[in-house]
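Fold and contact review
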Amino acid sequence: MKSTIHDTRIGKLLGLATFLGAFAFATPSFAQEEGGEKKDEAAKNEEKPDEDKWFAVINADVFPGTGGHFRDATILAKNGKITEIGVAVDVPDDATVLDAGGLRVYPGLVAYASAGLFGNASSDFADTVNTFSPNLVMALGNGITTAGQSGAALKLKRGEVDGVLLKEKASTLLSYSSQNPQGKRSLIDKFEATAAYLRDYRAWEEEKKTNKDAKEPPKKDSDATILQVLKGEVRARFQADDRDELLGIARLAQKYGFRPVIEGCREGWTVAEELGRAGAYAVITPRDRVDKSEELVAAGGTSIENAAILRRAGVQIAIVPAAKGVDLGGIAGRDILALAIEAGFGVRGGLTNEAALEAITIVPARLLGVEHRVGTLEVGKDCDLLVCDGDLMHYETFVQQAVVEGKVVYEKNKELFYAHIRPNETSALAPPTRVDKGQEGAAKPADEAKDKDEKKPDEKQDGKDGEKKD
Amino acid sequence: MKLRNLLSSCAALALASLASAGDLVAIKAGHVETVSHGCIQHAVILVEDGKIVTVGKDLPIQRGIPVIDAPDLWVVPGFVDAYSRVGLEARGSSEFNPHVKVDAEIFARNDEFRDALEAGVTTLGLYPAGSGGMPGQACVVRPAGATAQEMLVKSGSYLLFVFRSDARSKKMLKDAFEKANEYVEKEKKAREKWEKDQGKKKDDKKEEKKDEKKEEKKEGTAAELQDESAAQEKKDEKAEKTDAAKGYVPPEADEKVKPFLDLRAKKLRMLVTLFTAADWLHFSQALGKEDIGYDLRIALTRDIDVWEVAKPIGEKKLRVLMEPEITTVWGTLRQRNLPAEFVAAGAKLVLLPRGDAPSIFKNWPRHVGEIIAAGLDRDVALRAMTLEPAEMLGVADRVGSVDAGKDANLLFFTGDPFQATSKLAAVMLEGRIVHGEVQQ
Amino acid sequence: MRRSVQTRGFALAVAAGLALASCRATNEPSVRTVVHDDGTRELVIRPLATGETGLVVRAGKIVTCDAADTLLAPGVLVVRNGKIEALGETCDVPDGFTVLEFPDATLAPGLVDLHTHIHSGSFGDINDMVLPVNPEFRTSPTIVPGNRLIRRGLSGGVTTLFGIPGSGTSMSGFGVLYKSKLDSTYEEAVMADPGGLKVAQDSNPQREAGDFGVGRGALSWILQNVNDRAKAAVRDGQVEPGLANLAKVHTKELPILIHTAGSDGITNTARMWRVTNDTRSTLSHGCFDAWKTSKAVIDIGMTVNNGPRTIEWVSSREGRVIGISAEYLKNGAKNLSMNTDSPVVAQEELALQSAMSSRYGADDYTMLRALTIHPAIAFGIDDRVGSLEPGKDADLVVWSGWPLDPRSRVELAVIDGGIEYDRTRDGQIF
């Protein structure tokens with residue numbers, strides 16, 4: 001096992017390597033709704049012209065999260081975006097190169113919901129995130145590179161503030177609870193009124209083309225938020241577990257034509273077909289454990305097979321652990337750091353490995369509205385990836401390096417948290433290796449000495465300034 | 001006062017001839033740490049009218065001049081505490097009040113000033129209280145005097161900004177400069193209008209005025225010197241404005257806007273309090289490309305993570321204010337000497353007492369001694385308690401080092417001030433022993 | 001396969017017949033091994049006599065957890081009358097035996113959890129908070145065999161539990177060793193009542209009401225005092241019914257499980273229960289910074305039962321995330337077992353406790369032993385449970401993969417030869 005970072009110049013990599021799986025990477029098929037991003041990039045380029053930053057991972061077993069698998073592949077990124085994935089990739093001379101040495105590379109994980117990864121930040125994320133937070137580093141160490149918090153999508157850009165907030169809000173929380181029949185009724189009414197308005201509005205738009213005097217329909221009781229939902233601009237999010245609620249939501253969704261996101265969804269397995277037909281998404285904790293109400297005749301309660309059953313019925317599954325935050329109290333395997341472990345429990349319940357990986361990458365990315373940026377390794381997307389020493393969902397696997405937007409932001413060997421656990425040969429805790437006395441090694445101490453010399457005169461100058469004033 | 005200039009130019013000779021001029025005192029000390037130009041053994045310091053007239057090695061002293069004979073003592077400049085709430089009212093706001101000056105809060109006869117003075121703190125930067133936002137502008141005082149007026153050395157020393165990583169702090173900063181921009185626009189229009197009305201060329205005038213200014217410079221009193229140093233930093237643009245003043249009256253800036261114009265004109269500094277490394281990121285982002293002079297107070301807490309940003313702060317050669325504390329890396333018992341780390345990274349260091357209590361003032365050198373023992377350069381540490389805060393406060397022309405022309409604020413220690421066994425034997429404030437005793 | 005950890009540490013069994021054939025009281029060998037011409041070794045089993053029951057399980061892999069770390073791949077296990085009769089590579093099955101085939105699965109011993117509180121089916125375990133010591137108490141009246149929490153544990157592979165009182169008092173009473181049988185009487189489910197003593201040291205039993213026993217000094221005095229009283233009663237020939245079971249602890253007839261944590265706590269515990277009172281004691285929890293002094297405890301012969309905490313970061317202030325099990329193993333623990341402290345950690349997640357220990361640095365195979373043979377030895381029930389060896393109770397669990405992997409599910413759980421949980425029959429519970 002070997003994985004080191006060099007800034008040395010690596011020339012053209014010849015595609016001698018073997019290659020497995022589908023080579024379906026020619027063109028990215030996702031929607032490009034990133035006008036804002038492009039502008040940002042343009043701004044960056046203005047600041048630093050001609051300074052494209054290249055980054056490459058080489059010799060990697062790449063599991064891009066789109067099905068398939070590349071062996072001994074290279075992922076190349078320019079300014080944080082993936083430009084190429086494959087076995088015959090030209091790596092520019094000035095690229096920062098990460099040699100994965102045959103380790104596995106996965107897309108960075110997306111935690112659908114998290115808490116406390118960015119310090120105390122809980123709103124106004126652009127202005128409050130603490131990207132030096134130990135929790136953030138530990139989350140990176142457990143593979144999370146994008147996290148949902150309070151409905152926003154945040155990138156774990158360590159030590160940076162710009163670009164941390166990926167998306168402010170992709171969904172709106174609607175209440176549909178069997179505890180609140182009046183609320184349910186009112187929600188249904190709102191949908192009815194808004195759908196009617198939307199129909200009239202669209203008819204008016206058509207009519208306008210021929211009839212200039214057509215009158216715009218009145219908004220009446222239509223609801224602005226629900227209008228966004230019906231237009232597909234915002235996802236409708238529910239927190240529901242009971243069979244009765246889930247059925248109600250499924251019917252509402254089918255009737256008015258939107259795809260609901262259902263968090264919890266504990267009894268989803270009992271109404272999987274209905275949820276599948278409604279195009280629902282479910283956010284599930286496979287280990288959730290609630291007994292069925294003995295009052296009910298129908299099947300109920302939680303099931304470890306929930307994710308698998310729903311998935312088979314066509315429901316897209318995102319998986320989250322029971323605790324959104326980092327728990328260092330000692331009981332391991334249940335907090336946000338156990339995202340991949342929790343996905344493993346999905347597999348235990350019958351989910352395929354691929355579906356389980358999707359449940360912690362691309363599906364939550366979709367639900368957070370950032371699937372065009374993260375969630376899979378594809379050309380055009382952000383270069384957010386993990387170098388792992390094994391199967392991502394195996395309980396002994398550790399992230400060796402985490403890369404966010406083409407920058408290595410976490411290295412197991414260099415952080416206190418996990419470096420001592422099965423240290424690999426390049427670890428700081430491993431026995432010292434031979435010192436390279438080549439040119440590069442020799443150049444460094446001299447540079448340092450120079451720096452020191454430069455500092456001293458500056459301090460003296462300050463002293464002189466003081467004298468001058470006298 | 002004119003004598004002083006003479007004296008400093010031809011030290012020993014002048015000294016002898018002026019023996020009978022009165023109000024003179026000579027200090028013979030085994031060890032004088034000037035801070036500005038190293039340490040002098042067997043030094044003589046001549047003080048007149050509370051000012052240091054000269055300082056040098058083994059200077060002859062004219063008979064008749066009273067002599068303070070301290071062959072075994074170490075003399076260092078009076079300490080400067082740049083960040084204190086001594087003798088002030090306890091309450092403060094955390095709103096946006098950049099125009100408020102702390103001067104009016106001073107309780108002149110408060111015992112706390114005496115406590116500070118007796119512990120060797122001869123200059124205090126007093127800051128307006130506030131747990132957030134911009135509570136106002138600090139002032140500099142000497143801890144002696146019957147009235148606040150007598151104590152005041154400088155008003156409007158720095159604008160305090162207690163920064164936190166939140167939308168409010170960032171918006172406050174951006175809005176403030178936005179308002180300043182609005183004023184600049186307004187002023188520009190007013191001037192254009194005035195110029196149009198005048199229809200005159202003003203280039204000749206400008207030349208004249210500059211000559212006048214040079215003359216003023218030649219005869220500078222101590223107070224004027226201070227203005228002068230500020231004036232050096234003034235931009236030509238500003239000078240132009242004054243020139244035009246005769247005919248053209250610029251519109252009055254809002255009092256909450258003016259501090260930000262002053263910041264841009266480098267007439268005022270900002271002191272930004274940071275609590276975490278992330279605060280630095282957010283502050284830098286909010287400040288953007290705004291060119292102002294500012295210093296950072298870093299509130300050290302046990303597990304503070306500011307070492308994460310020592311490099312960018314050091315590279316900018318910023319001045320950091322810290323307490324002499326050893327901190328730890330979060331989650332560990334690994335100790336860090338942040339003052340030393342920031343100095344190594346290139347930052348300028350101001351050390352603060354750990355608090356305002358009399359016992360803390362008394363132990364200040366010992367606390368600093370602890371971080372010297374942990375690796376901070378000793379001379380940097382002494383400078384961080386004297387000249388560096390004086391420069392930060394804009395009073396380095398008067399205090400902070402043992403140099404001719406400066407106030408004779410001197411501390412007499414029985415040994416190295418950072419040794420726990422050393423005692424502060426006496427404190428001299430402006431030429432008078434105000435605490436302790438020395439052999440006359 | 002991702003890596004070879006699954007087979008690491010095993011001695012592959014190749015010896016003919018594996019010397020596993022056991023003799024019944026009839027002196028007639030029940031099992032013998034035939035070596036065929038092609039080299040395959042076949043177990044030949046005596047047919048079932050009248051009234052006997054028999055079960056044969058074939059699995060892709062059998063992890064026995066015996067002393068030789070025998071691994072059979074593939075393997076066959078024969079059960080007669082609720083006891084394991086033989087293990088081998090193949091066998092010809094006589095009539096009457098039930099045969100179960102799991103060609104792709106792993107057969108392992110039923111898991112043992114020494115620190116559980118789920119026996120009543122809810123949080124209703126005893127914890128009398130009036131007196132600081134209750135050596136007269138037992139959990140037996142609170143046990144509800146086959147309750148839903150036990151069933152969940154079973155679906156996670158847990159077949160033997162030590163159901164104990166809470167840790168609210170210094171000596172909270174005696175626990176019961178029982179099996180996860182779902183449709184049995186109390187008597188059929190129980191292995192031993194009392195199965196052992198529960199003692200709590202360090203913070204939990206502190207008398208917050210402010211009477212005697214707020215601090216550690218007085219707590220220690222209270223515990224030693226009751227020990228001394230029990231010893232004095234035996235010495236003086238007095239009959240003290242309330243102290244009778246405690247006397248059995250002093251004669252090492254009964255083991256003790258001691259709730260204790262923190263570096264000071266565990267050394268205090270070791271001193272009292274191994275030095276002052278020479279007992280068969282097991283340290284339970286042993287978390288926070290206790291790993292720092294674990295060597296002192298292990299060196300004087302204390303067994304360790306770690307859980308529910310498997311990692312430590314806060315109190316040690318080392319910066320690194322410490323795998324508690326890994327540290328105990330590093331410091332020489334020969335007998336480390338894991339617990340859930342259920343319902344603190346769900347009973348069915350016992351295997352995850354070991355998986356997390358492996359993740360944070362412990363040897364993976366040792367962590368399976370920590371769920372099987374180690375706790376059995378610590379509590380003196382290794383003659384019945386903890387490994388797959390002839391003569392032991394037929395407590396078997398068939399896993400779809402490696403037992404510690406959260407992705408592996410329990411296909412079948414057998415206790416005393418009876419199928420208690422069958423995923424295809426009962427539906428997957430966990």
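Residues numbered from 1 in each chain as written. Chains lettered and ligands numbered in written order. Predicted model: local features only at pLDDT ≥ 70, side-chain atom pairs only at ≥ 80, totals over all residues. Heavy atoms only, no water.

With respect to the domain arrangement of chain A
All names here are of chain A.
- The assigned domain composition of chain A is domain 1 (1-108 + 377-470) and domain 2 (234-367).
- Across the contact, nine residues belong to domain 1 and 13 residues belong to domain 2.
- Summed over both sides, the interface of domain 1 with domain 2 buries roughly 740 Å², with 74% coming from carbon and sulfur.
- A per-residue breakdown of the area domain 1 buries against domain 2 is headed by Gly-65, Leu-392 and Met-393, which together make up 60% of the total.
- Linking domain 1 with domain 2 are zero salt bridges, by the criterion used here.
- The interface formed by domain 1 and domain 2 contains zero residue pairs in polar contact (both at pLDDT 80 or more).
- Its residues assigned to classes, the side of domain 1 that touches domain 2 shows six nonpolar, two polar and one charged. (Domains from an automatic or database assignment. Contact = heavy atoms within 4.5 Å. Buried area = accessible area lost by both parts, 1.4 Å probe. Salt bridge = Lys/Arg side-chain N within 4 Å of Asp/Glu carboxyl O. Polar contact = N/O pair within 3.5 Å; in protein donor to acceptor, adjacent residues only side chain to side chain. Nonpolar A, V, L, I, M, F, W, Y, C, P; charged D, E, K, R; others polar.)

Some words on the pattern of salt bridges
- Counting across every chain of the model gives 88 salt bridges over all chains.
- One salt bridge in this structure joins Lys-155 of chain A and Asp-384 of chain A, with 2.8 Å as the shortest N-O distance. With a gap of 229 residues between them, Lys-155 of chain A in strand S9 (residues 152-155) and Asp-384 of chain A in the loop between helix H11 (362-367) and strand S16 (385-388) connect regions that are remote in the sequence. Like Lys-155 of chain A, the residue Asp-384 of chain A is buried in the burial classification.
- The shortest N-O distance in the salt bridge between Arg-378 of chain B and Glu-33 of chain B comes to 2.6 Å. (Helix = DSSP H or I, 4+ residues; strand = E, 2+ residues; numbered from the N terminus. Buried < 20%, exposed > 50% of the residue type's maximum accessible area, 1.4 Å probe, protein only.)

With respect to the packing of helix H4 (residues 181-210) of chain A against helix H5 (residues 224-231) of chain A
Residues and elements named next belong to chain A.
- Their axes nearest at 9 Å, the elements H4 and H5 cross at an angle of 65°. When you trace H4 past H5, the crossing you get is right-handed. Side by side, H4 and H5 meet where Leu-187, Lys-190, Phe-191, Thr-194, Ala-195, Tyr-197, Leu-198 and Arg-202 of the first sit next to Ile-226, Leu-227, Leu-230 and Lys-231 of the second.
- The residue makeup of the contact of H4 with H5, split by class, is eight nonpolar, one polar and three charged. (Axes fitted to C-alpha atoms, helices over the stretch in contact; angles between N-to-C directions. Left-handed = near helix turned anticlockwise from the far one by under 90°.)

As for the interface of chain C and chain A
- If you look at the interface, chain C gives 45 residues, while chain A gives 37 residues.
- In this assembly, chain C and chain A are joined by six salt bridges.
- Of the charged contacts, one joins Asp-291 of chain A and Arg-148 of chain C as a salt bridge, the two residues approaching to 2.3 Å between their closest N and O atoms.
- For the side of chain C that touches chain A, the secondary-structure elements that each account for two or more residues are helix H1 (148-155) and helix H8 (350-359) of chain C.

Re the packing of aromatic side chains
- Per the counting criterion, the structure on display carries 27 aromatic pairs over all chains.
- Aromatic side chains Tyr-201 of chain A and Trp-204 of chain A sit 5.4 Å apart centroid to centroid with 55° between the ring planes, which places their arrangement in the tilted category. Of this pair, Tyr-201 of chain A and Trp-204 of chain A both sit in helix H4, separated by three residues, roughly a single helical turn.
- When the centroid spacing of 5.9 Å and the interplanar angle of 10° are considered together, the rings of Phe-417 of chain A and Trp-330 of chain B count as stacked. Within this pair, whereas Phe-417 of chain A is found in the loop between strand S18 (407-411) and helix H12 (439-469), its partner Trp-330 of chain B is found in the loop between strand S14 (327-328) and strand S15 (335-336), the two belonging to separate chains. Of the two residues examined, Phe-417 of chain A and Trp-330 of chain B, each falls in the buried class.
- Aromatic rings pair up to connect Phe-398, Phe-417 and Tyr-418 of chain A, Trp-307 and Trp-330 of chain B together with Trp-313 and Tyr-360 of chain C into one cluster.
- When the ring centre of Phe-275 of chain B is taken as reference, the NZ or CZ atom of Arg-164 of chain B above it lies at 4.1 Å.
- The ring of Tyr-360 of chain C carries the charged tip of Arg-359 of chain C above its face, separated from the ring centre by 5.7 Å. (Phe/Tyr/Trp six-rings, centres within 6.5 Å; stacked < 30°, edge-to-face > 60°. Lys NZ or Arg CZ within 6 Å of the ring centre and 35° of its normal.)

Describing the interface of chain B and chain A
- On the chain A side, the residues contacting the 29 residues of chain B number 23 residues.
- At the boundary of chain B with chain A, total buried surface from both sides reaches about 2,200 Å², with 57% on carbon and sulfur atoms.
- Contact with chain A buries surface across chain B, with Leu-281, His-282 and Trp-330 of chain B losing the most and accounting together for 22% of the total.
- Counting across the chain B and chain A interface gives one salt bridge.
- Between Lys-170 of chain B and Asp-127 of chain A there is a salt bridge; the shortest N-O distance is 3.0 Å.
- Where chain B touches chain A, the interface holds six residue pairs in polar contact (both at pLDDT 80 or more).
- Taken together, the elements giving at least two residues each to the side of chain B that touches chain A come down to helix H5 (167-198), helix H10 (277-287) and helix H12 (338-344) of chain B.
- Grouping the amino acids of the side of chain B that touches chain A by side-chain chemistry returns 11 nonpolar, six polar and 12 charged.

With respect to the domain arrangement of chain B
Residue and element names in this part refer to chain B.
- The domain architecture assigned to chain B consists of domain 1 (1-77 + 400-440) and domain 2 (79-209 + 254-399).
- Computed from C-alpha coordinates alone, the two centres of domain 1 and domain 2 are separated by 30 Å.
- Listed as interface residues are 26 residues of domain 1 and, on the opposing side, 27 residues of domain 2.
- For the domain 1 face of the interface with domain 2, the top three residues by lost area are Gly-400, Phe-418 and Leu-429, together amounting to 31%.
- Connecting domain 1 to domain 2 are five salt bridges.

A short note on the sheet that holds strand S16 (residues 348-351) of chain B
Residue and element names in this part refer to chain B.
- In spatial order, the strands read S7-S10-S11-S12-S13-S16; together these six strands make up an open sheet with mixed pairing. Since the sheet does not close on itself, it has two edges, and those belong to strand S7 (133-137) and S16, each with one partner. Sheet twist, expressed as the mean angle between neighbouring strand axes with direction ignored, is 25°.
- Direction of pairing for S7 relative to strand S10 (residues 158-162): antiparallel, over a ladder of three bridges. Across the sheet, the residue bridging to Gln-137 is Leu-159, located in S10. (Pairing = 2+ DSSP bridges.)

Considering the side chain of Thr-142 of chain C
Residues and elements named next belong to chain C.
- Among the structural elements, Thr-142 can be located in the loop between strand S10 (111-116) and H1.
- Looking at Thr-142, the relative accessible area reads 15%, which means it is buried.
- Among the polar contacts made by the side chain of Thr-142, one reaches the main-chain carbonyl oxygen of Thr-139 at a distance of 2.6 Å.

Overview of unusual backbone geometry
- The step from Gly-307 of chain C to Pro-308 of chain C runs through a cis peptide bond, and the omega angle for that step is -5°.
- Along the chain, Pro-308 of chain C turns up in the loop between strand S16 (303-306) and strand S17 (311-312).
- The omega angle of the peptide bond from Ser-342 of chain C to Pro-343 of chain C is 10°, so this bond is cis rather than trans.
- Inspection of the secondary structure assignment puts Pro-343 of chain C in the loop between strand S19 (336-338) and H8.
- With a phi close to 50°, Ser-150 of chain A is a non-glycine residue in the positive phi region.
- Examined against the element boundaries, Ser-150 of chain A turns out to sit in the loop between strand S8 (144-149) and S9.
- Look at Ser-150 of chain A and you get exposed, because its relative accessible area is 56%.
- With a phi close to 50°, Arg-317 of chain C is a non-glycine residue in the positive phi region.
- Position of Arg-317 of chain C among the secondary structure elements: in the loop between S17 and strand S18 (322-323).

Digging into the packing of H4 of chain A against helix H6 (residues 243-256) of chain A
Residues and elements named next belong to chain A.
- Their axes nearest at 11 Å, the elements H4 and H6 cross at an angle of 10°. When the axes of H4 and H6 are compared, the pair comes out roughly parallel. Where H4 approaches H6, its residues Lys-184, Leu-187, Ile-188, Phe-191, Glu-192 and Ala-195 are matched on the opposing element by Asp-244, Leu-252, Lys-255 and Tyr-256.
- Along the lines of polarity and charge, the residues of the contact of H4 with H6 split into six nonpolar, no polar and four charged. (Parallel < 35°, antiparallel > 145°, perpendicular 65-115°, else oblique.)

Observations regarding the environment of Leu-223 of chain C
Residues and elements named next belong to chain C.
- For Leu-223, the position within the fold is in helix H3 (residues 216-235).
- Accessibility expressed as a relative area gives 1% for Leu-223, which makes it buried.
- In this structure, the C-alpha to C-alpha distance between Leu-223 and Ile-298, residues 75 residues apart in sequence, is 22 Å.
- Ignoring anything within four residues of it in the chain, the contact list for Leu-223 reads Val-133, Ser-170, Met-171, Val-199, Ala-200, Gln-201, Met-272 and Trp-273.

Things to note about the sheet that holds strand S8 (residues 139-141) of chain B
Residue and element names in this part refer to chain B.
- One open sheet holds the four strands; their spatial order is S5-S6-S8-S9, and the pairing between them is mixed. Looking at the sheet topology across the chains shown, the edges are occupied by strand S5 (79-84) and strand S9 (152-154). The average undirected angle you get between the axes of adjacent strands in this sheet is 30°.
- Sheet analysis places S5 next to strand S6 (residues 121-126), joined by four bridges and oriented parallel. Bridging across to S6, Asp-81 finds its partner in Leu-124.
- Lying on the sheet, helix H3 (residues 111-118) is in contact with S6 and S8; it crosses S6 at an angle near 130°.

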